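# Understanding the architecture of this molecule
Spelled out from the first residue to the last, the chains are:
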Amino acid sequence: METAYAPQPHGSRVPEGLRAPFSGRTWREFLYLLLSLPLSIVMFTYAMVVMTTGAGLLITFLGIPLLACGLAGARALGALERVRARALLGLDVADPEPVRPSKPSPMGWVGAVLKSGASWRHLLYSLLHFPWALFSFIFSVTFWTLGWGLLTSPLWRWAFPVTFGESGIQLWIDGNGHSVALDSPAEIVVTGGAGLLLVLAGPWVIHGLTQVDRVMVHGLLGPSSLAARASQLESDRGVVVDTAAADLRRIERDLHDGAQARLASLALDLGLAKEKLAEDPQAAARMVDEAHGEVKTALQELRDLARGIHPAILTDRGLGPALSALSARCTVPVTVTVDLDRRPAAAIEGLAYFTASELLRNVSRHSGAAGATLDVWHTADRLMVLVADNGRGGAHTGPGTGLAALAERLAAVDGLLLVDSPSGGPTCVTAELPWRG
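Read on for a plain summary of the structure. (Residues numbered from 1 in each chain as written. Predicted model: local features only at pLDDT ≥ 70, side-chain atom pairs only at ≥ 80, totals over all residues. Heavy atoms only, no water.)

## Some remarks on unusual backbone geometry
To be explicit about the condition: In this text, helices come from DSSP runs of H or I with a minimum length of four residues, and strands from runs of E with a minimum of two, each type numbered from the N-terminal end. Exposed residues in this analysis have more than 50% of their type's maximum accessible area, buried residues have under 20%, and partly exposed residues fall in between, with area computed by a 1.4 Å probe over protein chains only.
Of note, alanine 380 is a non-glycine position whose phi angle comes to about 55 degrees, a positive value. Mapped onto the elements of the fold, alanine 380 is located in the loop between β6 (372–379) and β7 (382–389). Of the residues examined, alanine 380 reaches a relative accessible area of 70% and is grouped as exposed.

## Considering the pattern of salt bridges
What counts, and what does not: In what follows, salt bridge is the name for a side-chain nitrogen of Lys or Arg lying within 4 Å of a carboxyl oxygen of Asp or Glu.
Applying the stated criterion across every chain yields a total of 9 salt bridges. Across the pair arginine 82 and aspartate 95 runs a salt bridge whose closest N-O atoms are separated by 3.2 Å. Of this pair, arginine 82 sits in helix α3 (residues 63–88) while aspartate 95 sits in the loop between α3 and α4 (106–115), placing them 13 residues apart in sequence. A residue is classified by how much of its surface remains accessible, and arginine 82, at 6% relative accessible area, is buried. You can call aspartate 95 exposed: its relative accessible area is 54%. When the shortest N-O distance is used, the salt bridge between arginine 343 and glutamate 349 registers 2.7 Å. When its relative accessible area of 38% is taken as the criterion, arginine 343 is described as partly exposed. By sharing partners, the salt bridges in this structure join Arg25, Glu29 and Arg214 into a single network.

## Points about the environment of proline 321
Within the secondary structure, proline 321 sits in helix α11 (residues 319–328). For proline 321, a relative accessible area of 23% corresponds to the partly exposed category.

## Quick word on the pairing of strand β9 (residues 427–434)
Here is the rule we go by: Pairs of strands are assigned from DSSP output, requiring at least two bridges between the strands.
Counting buried residues in β9 gives 7 out of 8 residues, a clear majority hidden from the surface. With 8 bridges connecting them, β7 and β9 associate as antiparallel partners. Pairing of aspartate 389 across the sheet is with threonine 427, part of β9. Pairing analysis gives 5 bridges linking strand β8 (residues 416–420) to β9, with the strands arranged antiparallel. Bridged to valine 419 within β9 is valine 429. Adjacent in sequence and paired antiparallel, β8 and β9 are bridged by 6 residues, among which glycine 424 carries a positive phi angle near 100 degrees.

## Looking at the side chain of serine 140
The test is simple: Should any heavy atoms of two residues lie within 4.5 Å, those residues are counted as being in contact.
If you trace the backbone, serine 140 turns up in helix α5 (residues 117–151). Overall, serine 140 belongs to the buried group, its relative accessible area being 2%. Excluding residues within four positions of it along the chain, serine 140 makes contact with Phe30, Leu33 and Leu209.

## Observations concerning the packing of aromatic side chains
Note the threshold: Each Phe, Tyr or Trp ring, with Trp reduced to its six-membered ring, pairs with another whose centre is within 6.5 Å; inter-plane angles below 30 degrees give stacked pairs, above 60 give edge-to-face pairs, and intermediate values give tilted ones. We count a charge as sitting over a ring when the NZ of a lysine or the CZ of an arginine lies within 6 Å of the ring centre and within 35 degrees of the ring normal.
Tallying each qualifying case throughout the model produces 9 aromatic pairs. Ring centres of phenylalanine 44 and phenylalanine 130 lie 4.8 Å apart, and the angle between their planes is 25 degrees; on these two criteria the pair is classed as stacked. Here phenylalanine 130 lies in helix α5 and phenylalanine 44 lies in helix α2 (residues 24–56), a separation of 86 residues in the sequence. When its relative accessible area of 27% is taken as the criterion, phenylalanine 44 is described as partly exposed. Centre to centre, the rings of tryptophan 144 and tryptophan 148 are 5.8 Å apart; their planes meet at 90 degrees, and the pair counts as edge-to-face. Taken together, the positions of tryptophan 144 and tryptophan 148, both in helix α5 and 4 residues apart, correspond to about one turn of that helix. Linked through ring pairs, Phe22, Trp27, Phe30, Trp144 and Trp148 together constitute an aromatic cluster. One residue, arginine 84, lies across the ring of tyrosine 32, its end atom 3.9 Å from the ring centre.

## A few points about a nonpolar patch on the surface
Note the following rule: Patches in this entry comprise residues that are over 30% relatively accessible and not in a salt bridge; like charges within 9 Å are linked, as are nonpolar side chains (Val, Leu, Ile, Met, Phe, Trp, Tyr) within 5 Å. Working definition of accessibility: Shrake-Rupley area with a 1.4 Å probe, residue cover restricted to the visible protein chains.
Together, Leu57, Phe61, Leu62, Leu66 and Met107 line one region of the surface with nonpolar side chains, adding up to about 500 Å² of accessible area. As for its placement among the helices and strands, leucine 62 is situated in the loop between α2 and α3.

## Looking at the nonpolar core
In plain terms, the rule: We call a set of buried Ala, Val, Leu, Ile, Met, Phe, Trp, Tyr and Cys residues a nonpolar core when their side-chain atoms join them within 4.5 Å.
Residues Leu319, Leu323, Leu374, Leu383, Val385 and Leu433 are the most contacted members of the largest nonpolar core, which totals 32 residues. When contributions to this core are tallied by element, the ones reaching two or more residues are α11, α12 (346–367), β6, β7, α13 (402–411) and β9. Valine 385 has contacts with Ala352, Ala356, Leu374, Asp375, Val376, Val429, Thr430, Ala431 and Leu433, leaving out every residue within four places of it along the chain. With 18 residues, the next largest nonpolar core counts Phe30, Leu91, Leu209 and Leu220 among its residues.

## Some thoughts on α12
Applied cut-off: Given the number of residues in a helix, its expected span is that number minus one, multiplied by 1.5 Å.
An ideal rise of 1.5 Å per residue puts 32 Å on 22 residues; α12 measures up with 30 Å between its terminal C-alpha atoms. Once α12 ends, the next one or two residues include glycine 368, with phi positive near 65 degrees.

## Considering α3
With 26 residues, α3 extends 37 Å from end C-alpha to end C-alpha; this agrees with the ideal 38 Å at 1.5 Å per step. Positive phi appears at glycine 90, one or two residues downstream of α3, with a value of about 70 degrees.

## A word on the packing of α3 against α5
Applicable threshold: Axis lines are fitted through C-alpha atoms, for helices just across the contact stretch, and the angle between N-to-C directions can take any value from 0 to 180 degrees. Each angle gets one of four labels, with under 35 degrees taken as roughly parallel, over 145 as roughly antiparallel, 65 to 115 as roughly perpendicular, and the rest as oblique. Crossing chirality is assigned from the near helix's rotation relative to the far helix, an anticlockwise turn below a right angle marking it left-handed and a clockwise turn marking it right-handed.
Put simply, α3 and α5 touch, their axes get as near as 8 Å, and they point 65 degrees apart. What the angle tells us is that α3 and α5 run roughly perpendicular. Helix-helix and strand crossings are classified by hand; for α3 and α5 the assignment is left-handed. Here Leu67, Leu71, Ala74, Arg75, Gly78, Glu81, Arg82 and Arg84 of α3 come into contact with α5, specifically with Ala118, Ser119, Trp120, His122, Leu123, Tyr125 and His129.

Read these as layout, nothing more, since geometry by itself doesn't imply function.
This is how it looks when you write it as structure tokens:
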């Protein structure tokens with residue numbers, strides 16, 4: 001949740017509450033409320049003209065394209081509002097889904113605009129924002145100016161010791177000469193104290209008013225939740241495709257540089273042994289023995305490659321035994337704890353195994369740790385994988401790192417990767433995956 005003001009800087013001697021009335025954020029938000037009224041008048045007038053004119057001409061052919069053009073104009077005004085909110089409120093709202101005509105023709109564009117929910121939400125914003133902008137303008141200006149006016153009353157008393165022929169600050173006077181004035185020191189002090197309270201409360205009042213504007217801009221001028229979800233799924237699909245292609249290239253590279261090269265060398269050695277079999281049987285026997293060792297090595301490389309893709313023990317016995325076997329091959333002693341009452345979906349199970357494998361590989365290669373722990377458990381609708389070590393720390397998910405690629409893979413299935421690795425250690429990496437049993 002967004003807080004009203006940033007935390008107090010270290011070493012600052014001025015309390016936050018006293019600094020708030022002079023902060024740039026307060027005055028930017030106040031400027032936003034001041035500009036809202038004239039802009040909302042323009043937008044409200046435009047929306048009423050568009051609705052009445054378009055509805056009145058619906059009986060003719062001109063009504064439909066005129067209404068579509070009006071909705072397009074409302075979208076343009078909404079873009080201006082998003083820019084204003086970004087500049088003055090620090091609210092970064094994405095552009096709504098664009099208009100996509102089914103046919104590249106003027107009537108296709110008209111139909112797409114009329115069918116677009118974002119267009120109608122922009123028009124609704126123009127109608128609803130006007131009464132709120134009117135209220136927030138009047139309330140904020142009255143509250144803010146009254147506070148500063150009362151706070152500076154001693155200065156007014158000093159600058160104008162006599163007003164309207166009477167001593168003190170005249171608050172009210174009628175035609176019969178009756179008046180109310182602030183002329184005693186006690187009255188001035190009480191008035192200034194009341195003004196101070198209003199000034200100190202002003203930033204929070206202004207921020208509270210702009211919170212409503214934030215909700216309206218985000219809800220009516222941004223993309224719909226369905227469109228945002230579709231965009232996220234489209235992005236995730238691209239990540240999955242890229243990840244699958246990268247895995248395929250890795251497997252192809254491992255086969256080409258490892259087992260395939262070893263088998264090619266083995267075939268060449270067996271060919272030479274066959275040629276020497278008649279003339280030098282002992283040399284041929286030695287070559288066959290060496291080839292036999294190469295076969296064993298090639299088989300081990302193929303097993304390791306297959307285990308890295310999806311080990312048989314994971315399919316047969318689940319995450320617990322598979323992770324125990326995985327940790328046994330780690331160069332750092334690993335304590336494994338798996339607390340699962342049932343098995344998740346095969347895809348999630350495989351991704352959890354891959355995540356643990358990548359994290360333990362990082363522990364072996366980069367941590368310099370003397371020991372590590374691997375914990376897996378099920379909570380609510382999430383599968384949790386936690387890998388911790390006592391190494392040198394410094395792990396991060398910056399661009400180009402292995403953890404960044406792992407985070408993207410987890411995000412593709414609505415997962416999350418959290419890294420806590422201060423310099424000097426220890427390191428704690430938590431992966432959250434959706435539970436799909």
